[in-house]
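# An overview of the molecular structure
So you can see what is in the structure, the chains are spelled out below.
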Amino acid sequence: MDKQEIKQLIEAGLPGAVATVIGDDGQHFEAEVICGEFAGKAPLAQHRMVYATLGDRMGRDIHALQLRTRAS
């Protein structure tokens, strides 16, 4: 898994989202995700939406993902 793949998965799973992903060791990443669908949702709900775009890759291909989310 690389940061570009994660970015593509998030943006495909959350249409209109803009994701910035950093991390070069292949397992630990940080992401900032800005998405209109986050409006009115608690941070935990926003994070769950992002994790849903990654599916079972979390914990398997991605060991850790630090998230910052906000509505656009």
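These notes cover the structure that comes with them. (Residues numbered from 1 in each chain as written. Predicted model: local features only at pLDDT ≥ 70, side-chain atom pairs only at ≥ 80, totals over all residues. Heavy atoms only, no water.)

### Side note on the environment of M1
Looking at the secondary structure, you find M1 in the segment before α1 (3–13). Distance in space between the C-alpha atoms of M1 and M49 is 19 Å, their sequence separation being 48 residues. Not counting the four nearest positions on each side in its chain, M1 is found in contact with I6, L9, G26, F29, R57, D61 and I62. (Helix = DSSP H or I, 4+ residues; strand = E, 2+ residues; numbered from the N terminus. Contact = heavy atoms within 4.5 Å.)

### Examining the pattern of salt bridges
If you walk through the whole model with that rule in mind, you get six salt bridges. Between R68 and E30 there is a salt bridge; the shortest N-O distance is 3.8 Å. Here E30 lies in strand β2 (residues 28–34) and R68 lies in strand β3 (residues 64–70), a separation of 38 residues in the sequence. Taking the relative accessible area as the measure of exposure, R68 reaches 40% and is therefore partly exposed. Residue classification places E30 among the partly exposed positions, given a relative accessible area of 31%. One network of salt bridges, with partners in common, ties together D56, R60 and D61. (Salt bridge = Lys/Arg side-chain N within 4 Å of Asp/Glu carboxyl O. Buried < 20%, exposed > 50% of the residue type's maximum accessible area, 1.4 Å probe, protein only.)

### Things to note about the sheet that holds β2
The mixed open sheet is built from three strands, whose spatial order is β1-β2-β3. In the strand order of this sheet, the two ends are held by β1 (18–22) and β3, each with one partner. The mean inter-strand angle of the sheet, taken between neighbouring strand axes irrespective of direction, is 15°. Pairing analysis gives five bridges linking β1 to β2, with the strands arranged antiparallel. Pairing of A19 across the sheet is with V33, part of β2. Contacts between α1 and the sheet are confined to β1 and β2, with β1 contributing the most and set at about 160° to the helix. Its contacts with the sheet place helix α2 (residues 43–54) against β2 and β3, and it is angled at close to 125° to β3. (Pairing = 2+ DSSP bridges. Axes fitted to C-alpha atoms, helices over the stretch in contact; angles between N-to-C directions.)

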